[in-house]
Structures are given as structure tokens and as C-alpha cells.
Amino acid sequence: MRTLIVLTYLFGFLGTITTLLLGVSFSETQREQYSMLKIVHEERIQLFVAALVFSAIAYGSNLWKELLSSKPSVVSTVGTGVELTQKATLTGFKMEIEEAAAAKAREAEDYFNAAERDFAASQYKDAANNYKKSINVLPTMSAYLNLGVSLFDISDFQETEKAYNSGIQIARMKKNKTLEAAFLGNMGSVYALQGKKNEGLKTLKAALELNVQMGNTLGQANALNNIGIVNAMSGEPDEALKSLNAALEIYRRSGNPPNRADPLSNIGNVYIAQGKPDEALKFHKEALVAYKQTGNALAEANTLNSIGTDLSKKGQLEEALESYNSALAIYRQIGNPLGQASILANIGLIKVEQQQLEEALSLFHSAIEIHKQIGNLQGHAEVLNNIGIAYHKQGKQDEALKKHQAALEIQKQLEYPLGQANALGNIGNVYLVKGKLDEALKAQSEALAINKKIGNLFGQANTLGNIGLIYAKQGKRSEALEQLHQARAIYLKIGAKTAGLHTVEDLIDRLNAIR
């Protein structure tokens with residue numbers, strides 16, 4: 001019934017407009033000035049036919065509406081005896097379900113609009129609750145997609161996965177490839193963050209293929225960006241940069257500058273993993289400007305976190321703390337536990353550098369509890385490694401070794417080479433202090449091989465410095481100096497004025513004094 005009303009008014013309006021156009025004449029000057037008026041003047045026969053067609057459709061729709069309205073919603077029927085009973089008609093049923101459907105649609109839309117307002121205000125938990133209410137009233141792909149995004153932003157990865165899977169099923173049933181590709185692209189990131197990198201890469205490539213088939217360039221850029229992230233997590237920086245730069249180029253061609261922020265930030269992340277803080281800082285700062293333009297609070301916090309890491313790697317600890325604290329305030333405001341855990345761990349590392357070890361351990365334990373709650377194995381392993389570093393600094397070598405070995409096992413399980421290299425390097429440091437030089441050299445050599453494979457210059461410098469120290473302990477002066485000079489050259493090349501550089505330079509001076 002509602003559809004017929006809409007058709008009656010729509011085609012009645014069109015019929016009226018075309019009829020009015022037929023009754024109006026335009027001067028030659030007007031026709032020359034406005035090309036549309038010239039077309040109207042020259043196509044009067046077609047306008048006449050259109051007016052007839054529109055009027056006929058409007059009349060037919062109105063007639064059918066009146067016919068349906070005149071049909072009763074109930075009729076009398078004879079019961080088992082002589083009594084008459086009232087029975088509903090199909091017309092009444094159709095009118096009733098149409099009204100009920102319209103009411104449900106309005107209710108679902110109201111909840112969806114409320115969720116959109118919450119999301120725009122970075123209130124992701126409230127947004128998720130309203131998207132759920134919209135789905136409970138009327139399940140839609142749009143609500144499932146946005147529910148997944150909201151849950152992802154509060155680090156509820158298991159519920160995010162459920163939302164996306166529900167959406168994918170509907171999209172495939174309705175053969176909506178655009179939304180299927182969107183669900184797959186988002187799902188790939190969820191898999192990767194849970195340590196399922198192979199599954200994530202497979203899902204993202206499926207999303208990329210769908211977007212290529214549809215000619216959806218922005219969808220291709222989104223998929224390429226996320227593929228780059230997974231490649232970086234898998235220790236493939238060259239492949240990561242290839243995908244990220246391809247995404248960046250598509251965004252630049254699209255003429256929408258804010259879209260460039262994601263690949264810019266992720267390129268910066270690749271560079272910091274390679275130990276190139278200057279290049280990383282350049283990309284992260286550019287990304288931060290773009291994110292502020294879009295008002296994306298979570299992305300802004302993530303980038304401030306990354307900038308803090310860049311500055312920390314450069315030895316600018318106070319500036320790093322300032323950036324970390326800015327990010328932490330945003331994470332707390334929007335209720336993002338994953339970001340909070342990351343910041344707590346990063347601030348803890350600075351406290352280790354500043355020899356404030358008890359404060360560092362307190363921060364690490366707070367971070368690890370959050371990672372346990374949200375099921376983030378990657379973060380759990382990284383913080384275990386950090387706790388081991390703090391114990392090592394406190395002289396608790398056995399406890400430190402246990403933490404580093406536990407971190408190494410998780411990183412092997414996740415197939416994350418950078419995490420493995422970091423854990424191995426720290427295991428080597430513990431063995432060195434315990435006087436087990438052969439075991440120390442073995443661990444550091446394994447770490448160096450991984451860092452070289454993934455192009456991690458900062459990791460290479462740290463490991464070469466540690467190997468130089470081991471050789472010095474073994475009395476192998478020339479071998480020690482060779483490793484230490486390589487380490488110093490890399491530190492200077494990447495602009496990392498850290499404690500590691502100062503230790504290397506001091507050791508070189510002491511070894512050179514021995515003739």
C-alpha cells in the first residue's frame with residue numbers, strides 16, 4: 001500500500017511537470033542562452049508522450065490503491081454450525097505486514113543513526129551497542145559492518161570476527177560483492193592482529209581480487225594497505241612497502257588527501273621496524289596531520305604512539321613521553337584497551353632506560369593484564385620480553401631468562417620474526433651476564449641473522465654491539481672491534497643516539513686503549 005502511494009505521488013508530480021513544460025514557450029534568445037530550454041523546445045513530442053505515460057502510471061497506481069483500500073480486511077464465514085465467524089483476508093494480512101515492516105525499518109534506522117552519532121563522537125562502545133540494537137530489530141549488512149568496526153576499535157576481536165562473519169553470509173546470500181569485499185578486507189586485519197597472519201593474508205587477497213573485479217580502486221587501496229601491514233608483521237618489509245606504496249598512489253590519484261594517512265602511517269611503522277627513526281618520523285608526522293583533518297581519534301592516537309616510538313629510538317625520551325601521554329589520553333577517552341596497553345608498555349621501556357625499574361615493572365604488569373583480557377598474544381609476548389629486560393637490569397637473571405624464553409615461544413608460534421629476534425637478543429644478554437659466553441654468542445648470532453633478513457637496522461646495530469661485547473669478554477679484541485665499528489656505523493646512519501650507541505663508543509675507546 002505504501003509503495004502504491006509513493007508511485008501515485010511520484011508519477012503524478014512528473015506528469016504535472018511535463019504537462020507544464022508543454023504549455024510554456026521560450027523565446028529564441030532564451031533557448032540560445034540555456035541549452036536545456038532548447039532541448040525542451042525541440043523534443044515536445046517526446047514530452048507529450050512522457051506526460052501521457054506518467055499520468056497513466058499515476059492514475060493506475062491510484063486506482064489500484066483505491067481498489068485495495070476498498071477490499072475488506074476481514075470477511076464473514078460460516079462456522080461448523082450456523083454461526084458466522086470473521087476471517088482475515090489476504091489484503092488485510094498484506095496491509096498489516098507492510099505496516100509492521102515499515103515500523104521495524106524506522107526503529108532499526110533510529111538505532112543505526114544513534115550508533116553513527118556515537119561513532120562520530122569516538123564513543124565506540126556505545127556505538128556498538130546501538131548497532132546491535134539495530135541488528136536485533138532488522139539485520140542489515142550495513143549495521144553488521146559498522147558493528148565490527150566499532151568492536152575492533154575497542155579491541156574486542158572475537159566479537160568483531162562474529163559480526164563480520166554474519167555480514168559476509170548475508171552479503172554472499174544477496175550477491176553483494178561490494179560489501180562482501182568490505183567485510184573480507186576488515187576481517188583480514190582482525191585475523192592478523194590475533195596472530196593468524198596466513199589466514200589474514202588469504203582473506204585480504206580475496207578482498208583485493210573482488211575489488212579488482214568490480215573496478216573499485218578505493219577498495220583495492222584499502223586491501224593493499226592491510227596486506228602491507230600483514231607483510232610487515234611477517235617480517236617482509238620489502239613486500240610491505242610495495243603494497244603500501246601502491247595503496248598510497250591510488251589514494252593520491254583519488255584526490256582525497258585524508259585517505260593517504262593510513263599507508264603513510266604504516267610506511268612509517270615499517271621504517272621504525274627497520275631501525276630508521278628519521279624516515280619513520282617523517283611519515284608519521286605527515287599521517288598525523290591527515291588524521292587530524294578527518295577527526296579520526298583512534299588513528300590520531302595510534303600515530304602519536306608511533307611518533308613516541310620514533311622519538312624514543314632517536315634517544316629523545318622526554319619528547320617521546322609527551323607523545324605517548326597524548327596518545328594515552330585519547331585511548332582512555334575512547335575506551336581502547338589495546339592502545340592503552342601499548343602505551344603503558346612503551347612508557348615502561350622509557351622508565352627502564354631511565355633506571356626507574358619498579359615503575360617500569362608496574363606499567364608492564366598493567367599492560368600484560370590488558371593483553372590477557374583481550375586475547376592479544378602478540379602484545380602479551382612483547383610485554384613478557386619487556387619484563388625480562390627489567391629483571392635483567394635488576395640483576396634477576398633467572399627470572400629474566402624465563403620471561404624472554406616464554407616470549408620467544410609465543411613469537412615462534414605467531415611466526416613473528418622481529419619478536420623472535422628481540423627475544424633472542426635479550427636471551428643472549430642474560431647469558432652474557434651469567435658468564436655463559438658460548439650460549440650468549442649463539443643467541444645473538446641467531447638474532448643478527450633474523451634482523452638482517454627482515455632489514456631491521458636498529459636491531460642489527462644492537463646485536464652487533466652485543467656480539468662485540470661478547471668477543472671482548474673472550475679476549476678477541478680485533479673481532480670485537482670489527483663488530484663494534486659496524487654497530488656504530490649503523491647507529492650513526494639511522495640517527496639513533498641511544499644508550500646502545502654510547503655503550504658501543506665507550507667500548508671502542510677502551511679496546512683501542514689496549515695495545
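Read on for an overview of the structure. Remember, it's a predicted structure, so these values are computed and weren't measured experimentally. Residue positions are given per chain, counting from 1 as you read along its sequence in written order. For a predicted model such as this one, the threshold for reporting local features is a pLDDT of at least 70, and the threshold for listing and counting side-chain atom pairs is 80 or more; totals across whole chains, interfaces and linings nevertheless cover every residue. Each side-chain value is worked out from all heavy atoms of the structure, with water and hydrogens disregarded.

The numbering of helices and of strands both runs from the N terminus, where a helix is a DSSP run of H or I of at least 4 residues and a strand a run of E of at least 2. A tally of helices and strands in the protein chain yields 25 helices and 2 strands. Exposure is judged per residue with a 1.4 Å probe applied to protein chains only, and the accessible area is read against the type maximum: over 50% gives exposed, under 20% gives buried, and values in between give partly exposed. By residue count, 48% of the 515 residues in the protein chain fall in the buried class. Just so you have it, the protein chain exposes about 26,000 Å², and 54% of that area is on carbon and sulfur atoms. Per-residue and other accessible areas follow the Shrake-Rupley method at a 1.4 Å probe size, with only the shown protein chains counted as cover for residues.

What follows is about the environment of alanine 443. Locating alanine 443 in the fold gives a position in helix α22 (residues 437-454). In this structure alanine 443 comes out as buried when scored by relative accessible area, which is 6%. Contact definition: two residues touch when any of their heavy atoms are within 4.5 Å. Aside from chain neighbours lying at most four places away, what touches alanine 443 is Leu424, Ile427 and Gly428.

In this section: helix α18 (residues 357-374). With 18 residues, α18 should cover 26 Å at 1.5 Å per step; its first-to-last C-alpha distance of 26 Å lies within 8% of that length. For α18, the full list of buried residues reads Leu357, Ala360, Leu361, Leu363, Phe364, Ala367, Ile368, Ile370, His371 and Ile374. Buried residues belonging to α18 abut α8 (157-173), α17 (337-353) and α19 (377-394). Taken from the residues just after α18, glycine 375 is the one with a positive phi, measuring 70°. Residue count minus one, scaled by 1.5 Å, sets the expected span of a helix.

What follows deals with the nonpolar core. Buried Ala, Val, Leu, Ile, Met, Phe, Trp, Tyr and Cys residues that are joined via side-chain atoms within 4.5 Å together make up what is termed a nonpolar core. Judged by nonpolar contacts, the single largest core of 124 residues is most densely connected at Leu147, Phe183, Ile343, Phe364, Val383, Ile387 and Tyr491. Those residues in contact with phenylalanine 183 that lie beyond four places of it in its chain are Met141, Tyr144, Leu145, Tyr164, Gly167, Ile168 and Ala171. Counting 16 residues, the second-largest nonpolar core is a separate cluster that includes Leu244, Leu248, Val270 and Ala287.

The next subject is the pattern of salt bridges. Here a salt bridge means any side-chain nitrogen of Lys or Arg lying within 4 Å of a carboxyl oxygen belonging to Asp or Glu. In the structure shown here, the tally under the stated rule is 12 salt bridges. The residue arginine 510 makes a salt bridge to aspartate 506 at a minimum N-O spacing of 3.2 Å. In this pair, arginine 510 and aspartate 506 both sit in helix α25 (residues 499-512), 4 residues apart, roughly one turn of the helix.

Attention shifts here to helix α16 (residues 317-334). When the terminal C-alpha atoms of α16 are compared, their 26 Å separation across 18 residues agrees well with the 26 Å that a helix rising 1.5 Å per residue should span. Among the residues of α16, Leu317, Ala320, Leu321, Ser323, Tyr324, Ala327, Leu328, Ile330, Tyr331 and Ile334 are the ones counted as buried. Where α16 ends, the next residue or the one after it, glycine 335, has phi of about 70°, a positive value.

For glutamine 355, which is not glycine, the phi torsion reads 65° and is therefore positive. Within the element layout of this structure, glutamine 355 appears in the loop between α17 and α18. One non-glycine residue, glutamate 415, lies in positive phi territory at about 60°. Tracing the chain through its elements places glutamate 415 in the loop between α20 (397-414) and α21 (417-433).

In this scheme Phe, Tyr and Trp rings, the latter by its six-membered ring, pair at centre separations within 6.5 Å, and the angle between planes marks the pair as stacked below 30 degrees, edge-to-face above 60, and tilted otherwise. Applying the stated criterion across every chain yields a total of 6 aromatic pairs. Seen from their ring centres, phenylalanine 112 and tyrosine 131 are 5.5 Å apart, and the 65° between their planes marks the pair as edge-to-face. Remark: tyrosine 131 occurs in helix α6 (residues 124-137) and phenylalanine 112 occurs in helix α5 (residues 90-120); sequence separation between them is 19 residues. Look at tyrosine 131 and you get buried, because its relative accessible area is 1%.

Without a salt bridge and with relative accessible area above 30%, a residue can belong to a patch; like charges are then joined within 9 Å and nonpolar side chains (Val, Leu, Ile, Met, Phe, Trp, Tyr) within 5 Å. Taken together, the side chains of Leu90, Phe93 and Ile97 define a hydrophobic patch exposed on the protein surface, amounting to about 310 Å² of accessible area. One can find isoleucine 97 in helix α5.

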